[in-house]
Amino acid sequence: MDSSDTSTTETPAAATADETGRNANRSTTPGSEGFKDFISSGWATRDEALPTAREQAAFAARRRSAVSAAFPGTRLVVPAGDMKQRANDTDYPFRAHSAFAHLTGWGSDSEPGAVLVFEPEGHEGHVATVYFRERAGRDSEEFYANPAIGEFWIGPRPSLAHVSADLAIPTRGLDEFDRVIDAVDTATLVLREADAAITERVDHARIRFAAEEALSTNASDAPFSLEVGGEHEPDAELARVLSELRLVKDEFEIAEMRAAVDATRRGFTEVFEELPRITSEVRGERVIEGVFATRARLDGNDVGYGSIAAAGPHATILHWTRNDGPVVPGDLVLLDAGVEVDSYYTADITRTFPVNGTFSDVQRLVYEAVLEAADAAFAVVRPGVVFRDVHAAAMAVIARKTAEWGFLPVSAEESLLPENQFHRRYMVHGTSHHLGLDVHDCAQARRDMYMDGELAAGMVFTIEPGLYFQADDLTVPEEFRGIGVRIEDDILVTADGAENLSIGIPRTVAEVEAWVRGAARP
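Throughout what follows, the structure given in this document is the object of discussion. Quick caveat, the model's predicted, so the values are computed rather than measured. (Residues numbered from 1 in each chain as written. Predicted model: local features only at pLDDT ≥ 70, side-chain atom pairs only at ≥ 80, totals over all residues. Heavy atoms only, no water.)

**Quick notes on the overall build of the protein**
- Scanning the protein from N- to C-terminus turns up 17 helices and 17 strands.
- In terms of overall dimensions, the protein has C-alpha extents of about 75 × 60 × 40 Å along its principal axes.
- Taken over 522 residues, the protein has a buried fraction of 52%.
- Put simply, 70% of the contacts in the protein that link residues at least 6 apart link residues at least 24 apart.
- Accessible area for the protein stands at about 23,100 Å²; split by element, carbon and sulfur atoms hold 51% of it. (Helix = DSSP H or I, 4+ residues; strand = E, 2+ residues; numbered from the N terminus. Buried < 20%, exposed > 50% of the residue type's maximum accessible area, 1.4 Å probe, protein only. Contact = heavy atoms within 4.5 Å. Areas by Shrake-Rupley, 256 points an atom, 1.4 Å probe, with all protein chains shown as cover.)

Here's what the structure looks like:
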């Protein structure tokens, strides 16, 4: 990796104190005026043609209108978030906050540190503006001396005009965001989790405003607790509204999720093609992870979450992401992975497959029980059904199967009673969660809109029952121990029922066996 010179003999004005401080002890960047003049000249004229608005711009505008209607007369601050440090001067790849992406249409090409502001206009409407740090001119030291944002280091960055045309939204330089902070009142709301630094600035500004009001007008309580970094119910309400706005997907979002599922299928198939190599490596699970990640980067932004490549007894661990074990013929592999496309919408698919292309008798027995549970859950999906009923349908099958096999101390019917739930020993997780920009989408939605809410056309969620028999679980026969199976599909609620978006990814025993055998390279 190239050595990041972030200071000069004369510290560049464009570099922050933190950036220069981290690497000042090894900098060799020239600081002479002659060098500055030379590096700022001799560049071709940029093509400044403006793009037409991207497809999602119109959909994002409608979402902003819905948010505006929910908070009339209230200033709203929705940050994208900033770079997150991995170690010293290296950062994790940037990903904007999902709410920011949802309301702007800016996905994998979004700029770190950007902020969406809804400025009240009149009593009802808002003017929405995106603030971000525009590219530096080549006549500035930032261009070559700042590895965090300089184009010499990270590549071309967009202009304000380019982003405004692309997203069909007004833009301003990030330095003008100071005026927003100066105008903050106690009614201003911020999406707290998106950017801690901006949240702290808003908190301080609200406290300042409340104090000034108290001194000048004898005003009493502000509409939130006067505590920097504290939980503020009005801010929580903003988070809830933004989360619930994503419960029902529009046509653009559904198309993106179809694309994510298609890319995920390709990634799974490519894993099977590499099975000879996978089984030859000590850390075969890592090869699975790497092969799928390659497809995610080719077809999208990244994986939508840490891939679970769990072979053998690791498949009984629900979120096995260490992925450092071997892949042994005769075992099952539980692969839970999803491609996140450039708009940030992600798939979330799980398939469990036999490494050698053939299920053993007991593996088949467990697999078909899980498949029956998944199909039972899918069968109840339609508008008007309560979300938790999907889980109940799957659990009825899981309870019946584990009772039939003699694993429960009571009958299936008794186990399903709230005070018992013995079958949940073998499936402790839920059957479904909403899916979209986040793998666990709509996380701040109220329970009565989520678990206890009614399904509506346009909702997308997973159905993912499983059975997990730990290697040391003495409540099951030895031949079951170390077997973990999960089958997960992405489901779209339609006007009169449901569509399994991932139905094209093999699910039955015969389909999976043929898929593995057909894809595996000799």
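Here the narrative resumes, following the displayed structure.
**Topic: the sheet that holds strand 9 (residues 308-311)**
- Within the open sheet, the 3 strands sit side by side as 9-10-12. Their pairing is antiparallel. A strand with exactly one partner marks an edge of an open sheet, and here the two such strands are strand 9 and strand 12 (349-354). Along the sheet, successive strands turn relative to each other by an average axial angle of 10°, direction set aside.
- Where strand 9 meets strand 10 (residues 332-337), 4 bridges bridge the pair, whose relative direction is antiparallel. By the bridge assignment, Ala310 is partnered in strand 10 with Leu334. (Pairing = 2+ DSSP bridges. Axes fitted to C-alpha atoms, helices over the stretch in contact; angles between N-to-C directions.)

**Looking at the side chain of Thr264**
- With respect to the helices and strands, the residue Thr264 is situated in helix 11 (residues 251-273).
- The class for Thr264 is buried, based on a relative accessible area of 0%.
- For Thr264, the side chain forms a polar contact with the main-chain oxygen of Ala260, separated by 2.8 Å.
- Those residues within four positions of Thr264 in sequence are excluded, and the remaining contacts are Phe292, Ala337, Gly338, Val339, Ala347 and Ile349. (Polar contact = N/O pair within 3.5 Å; in protein donor to acceptor, adjacent residues only side chain to side chain.)

**Points about the sheet that holds strand 17 (residues 498-500)**
- Overall, antiparallel pairing links the 3 strands, which are arranged 13-16-17 in an open sheet. Strands at the two margins of the open sheet, each flanked by one partner only, are strand 13 (460-463) and strand 17. The sheet shows a mean angle of 35° between the axes of neighbouring strands, direction not considered.
- By the bridge criterion, 3 bridges tie strand 16 (residues 489-493) to strand 17 in an arrangement that is antiparallel. Across the sheet, residue Ile491 finds its bridge partner in strand 17, namely Asn500.

**Comments concerning empty space enclosed by the protein**
- Across all of its chains, the model carries 1 cavity of 30 Å³ or more by this definition.
- Contributing to the lining of the largest cavity are Gln56, Arg63, Ala101, His102, Gly105, Trp106, Gly107, Phe252, Ser343, Tyr345 and Leu437.
- Per-class residue counts for the lining of the largest cavity are 5 nonpolar, 5 polar and 1 charged. (1 Å grid on protein atoms, 1.4 Å probe; cavity = no way out; pocket = protein on both sides within 12 Å on 5 of 7 lines; lining within 4 Å. Points joined across faces, edges and corners; volume = space filled by probe spheres on them. Nonpolar A, V, L, I, M, F, W, Y, C, P; charged D, E, K, R; others polar.)

**Regarding the pattern of salt bridges**
- For the structure shown, the criterion picks out 41 salt bridges.
- One salt bridge in this structure joins Arg364 and Glu513, with 3.8 Å as the shortest N-O distance. Of this pair, Arg364 sits in helix 14 (residues 361-379) while Glu513 sits in helix 17 (residues 509-519); the two residues are 149 residues apart in sequence, bridging distant segments of the chain.
- Since its relative accessible area comes to 30%, Arg364 is described here as partly exposed.
- The exposure class of Glu513 is buried, given its relative accessible area of 8%.
- Connected through shared salt-bridge partners, Arg192, Asp203, Arg206 and Asp235 make up one network. (Salt bridge = Lys/Arg side-chain N within 4 Å of Asp/Glu carboxyl O.)

**Structural notes on the packing of helix 14 against helix 17**
- One can describe the packing of helix 14 onto helix 17 by two numbers: an axis separation of 10 Å at closest approach and a directional angle of 120°. Here helix 17 runs oblique to helix 14, going by the angle between their axes. Along its contact with helix 14, which presents Arg364, Tyr367 and Glu368, the element helix 17 presents Val509, Val512 and Glu513.
- For the contact of helix 14 with helix 17, the per-class residue count stands at 3 nonpolar, no polar and 3 charged. (Parallel < 35°, antiparallel > 145°, perpendicular 65-115°, else oblique.)

**Description of the environment of Val248**
- Its place among the elements puts Val248 in the loop between helix 10 (233-244) and helix 11.
- C-alpha of Val248 to C-alpha of Thr358: the two residues are 110 residues apart in sequence and 40 Å apart in space.
- Setting aside chain neighbours within four positions, we find Val248 in contact with Glu253, Ala456, Ala457, Gly458 and Met459.

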